[in-house]
Amino acid sequence: MSHPSDPSHRDATVSGHRAVPHAAPGRRAVLHAAAWAVPAIALISASPAAAVSGPVLSFSSTSYAGVACGVLTDVVVRLSDGVDAIAGASVTLQLAGGYTFDGGAVTATILTGADGSAPCGSVHVPAGGAVGSIAATTSGATGATATLTSFDARLLSSPRGLADASLVPVGASPVALDLYLSSGVLYRAGVGAVATGIDAVGALAPAVGDATAFLLPLRRVDGSAAVFDTVSGAVTAVAGVPSGAAPVAADLFLSGSALHRAGGLVASDVDLCGQLVDHDADAAGRSYLPYRATDGSPRLLRLPDGDTRTAFEFGSAGGPPAGATPLADDLFFAAGAIYRVSWDGTSAFGTGVVASGVSAWGALTPNPFFAGERLLPIVRATGDAALLMVSGNAVRAARGVPSGATPLGADLFRVGSDIYQDGVGLVASEVTAVGAPSPASRGAARVVVPLTSAVASC
């Protein structure tokens, strides 16, 4: 999420958040819930037991998924005659698709226990998103087959580190928080598909008037507008938005230079939008969206009020010039400098230039290690990584981050396929794609970044 000072490098109409159309160090063991039931995503059904007489084998799930080069430990097979469990039976297992048992074996023999079931041991997941299968057979019984798949989605948290994101298809594009987009379907880690028919998404942002939820704006394939609520998990249509409008943030959509919110037009002079966030030190609980107007002036949209105003400092010696790029909240960028502006000339943190010699920046997020503070990761013109402590208007060098890094959010930076954290160093490797950093929940200091990673070999 690098933002060079040249405005020609920006994507579409949203600064800092691009509308998205239709590995970490070490190896990880993977756990997957098994409940003798159909999972959220089943690629191939297990062999049916219905209408089959005699003993029947069945797996605890129709499919199992694990991280590439990880281990599946929850594959269980069961033998019964439809009424009673059959104990002491010898069951032969056969793996396909590059999946192996310990030692590289693709076959194994197990015995059913008193309840007719038997764990299948450790199943090693190959690299590269392979799809395979496990088959179970025993003399005189109907066999069973289940699908084996691998996923490449991860969640990087500051603090806490990496976690695997299950039930997300291989190759899905990370969006924000724990959300991914693949072939028009929005997926949530650990949940599976939560919305279909999606053409584009905007930036995840605080739900105005709701202190608990984030909203992700969606454009459906039919051009209509909708939002996904992270707390309810529901997708709701947004009325009054022109068909084909670009999702911006929360429940805001842009059509030409007109910015719409559920219920009507909120601004008609929008050229470029910044990041919508809860306004720092606003007792009324407002959110601010900085934007550049079509005449080049820096402006602010306040929500839920729905009113707009040119930044008070515009035109003054310490204010941002015409054409400044909106960053987040009350921050703008121009000619290597980051400016803070105000609505009416008053600001608890002052106004004017708060950082200089800046060439790129990431997302404004909470400071994961200091409650009440917010961080904006930046890169100086020298290529050195730094952190802007926004509330204190202070800049300090990032520790353990190589020169030339791309700022992501909070204290995280990307260098090629690696991600570094201030003061920690390397925290993720073999990264292929990164989503937008976001607080783990409303009011939380922990920041989450969804990503995907590739493992070429195990």
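Keep in mind that what you see is a predicted model, and the values were worked out from it rather than measured.

**Details of the confidence of the model for the protein**
When pLDDT is averaged across the protein, the result is 87; 87% of the residues are at 70 or more. The low-confidence segment residues 1-51, where pLDDT is below 50, has 145 contacts with residues more than four positions distant or belonging to other chains.

**Points about the sheet that holds strand 10 (residues 131-137)**
What links the strands of a sheet is backbone hydrogen bonding, and the strands pair in either a parallel or an antiparallel sense. Across the sheet, 5 strands lie side by side as 3-11-10-6-7; this open sheet has mixed pairing. Across the chains shown, the open sheet's two edge strands, defined by having one partner strand only, are strand 3 (63-67) and strand 7 (107-111). Mean inter-strand twist for the sheet, computed between neighbouring axes without regard to direction, equals 25°. Direction of pairing for strand 6 (residues 90-96) relative to strand 7: antiparallel, over a ladder of 5 bridges. Bridging across to strand 7, Gln94 finds its partner in Thr107.

**A short note on the environment of Pro402**
With respect to the helices and strands, the residue Pro402 is situated in the loop between strand 40 (394-397) and strand 41 (406-409). For the pair Pro402 and Leu426, spaced 24 residues apart in sequence, the C-alpha to C-alpha distance is 9.8 Å. Non-local contacts of Pro402, meaning those with residues more than four positions away in its chain, are made with Val415 and Tyr420.

**Quick word on the sheet that holds strand 14 (residues 173-176)**
Overall, antiparallel pairing links the 4 strands, which are arranged 14-15-16-17 in an open sheet. Taken across any chain shown, the strands that pair with only one partner, and hence form the sheet edges, are strand 14 and strand 17 (192-195). Within the sheet, the average angular offset between the axes of one strand and its neighbour, ignoring direction, is 40°. The pairing of strand 14 with strand 15 (residues 179-182) spans 3 bridges and is classified as antiparallel. Looking at strand 15, one finds that Pro174 is bridged to Tyr180.

**What about the packing of aromatic side chains?**
For the structure on display, the rule yields 2 aromatic pairs. Ring geometry for Tyr288 versus Trp343: centroids 6.4 Å apart, planes at 55°, classification tilted. With Tyr288 in strand 29 (residues 287-293) and Trp343 in the loop between strand 34 (337-340) and strand 35 (352-355), this residue pair connects regions lying 55 residues apart in the sequence. Just as Tyr288 is buried, Trp343 falls in that class too. On the numbers, 4.6 Å between centres and 45° between planes, the contact of Phe333 with Trp361 is tilted. Here the residue Phe333 occupies a position in strand 33 (residues 331-334), and Trp361 occupies one in strand 36 (residues 358-361), the gap between them amounting to 28 residues.

**Some words on the pairing of strand 20 (residues 214-220)**
Counting buried residues along strand 20, 6 of its 7 residues qualify, which places the element largely inside the surrounding structure. Two strands pair when backbone bridges link them, and strand 18 (residues 198-201) and strand 20 are joined in this way by 3 bridges, in the antiparallel orientation. In the sheet register, Ile198 faces strand 20, and the bridge partner there is Arg220. One ladder, built from 2 bridges, connects strand 19 (residues 205-206) with strand 20; its direction is antiparallel. Paired with Ala205 across the two strands is Leu215, which belongs to strand 20. The pairing of strand 20 with strand 21 (residues 225-229) spans 5 bridges and is antiparallel. Bridged to Arg219 within strand 21 is Ala225.

**Observations concerning the nonpolar core**
Core analysis: the largest hydrophobic core is formed by 28 residues, its most contacted members being Leu252, Leu259, Leu276 and Leu301. Of all elements in the fold, only strand 21, strand 23 (246-249), strand 24 (252-255), strand 26 (264-267), strand 27 (270-273), strand 29 and strand 30 (298-303) reach the threshold of two or more residues within this core. The contacts of Leu276, once residues within four sequence positions are left out, are Ala205, Pro206, Ala249, Ala250, Leu252, Ser287, Tyr288, Leu289 and Leu303. Of all hydrophobic cores here, the second largest spans 25 residues; its members include Val168, Tyr187, Leu204 and Val448.

Here is what the cut-offs are and how they apply
- Residues numbered from 1 in each chain as written.
- Predicted model: local features only at pLDDT ≥ 70, side-chain atom pairs only at ≥ 80, totals over all residues.
- Heavy atoms only, no water.
- pLDDT = per-residue confidence, 0-100.
- Contact = heavy atoms within 4.5 Å.
- Pairing = 2+ DSSP bridges.
- Helix = DSSP H or I, 4+ residues; strand = E, 2+ residues; numbered from the N terminus.
- Axes fitted to C-alpha atoms, helices over the stretch in contact; angles between N-to-C directions.
- Phe/Tyr/Trp six-rings, centres within 6.5 Å; stacked < 30°, edge-to-face > 60°.
- Buried < 20%, exposed > 50% of the residue type's maximum accessible area, 1.4 Å probe, protein only.
- Core = buried A, V, L, I, M, F, W, Y, C linked by side-chain atoms within 4.5 Å.

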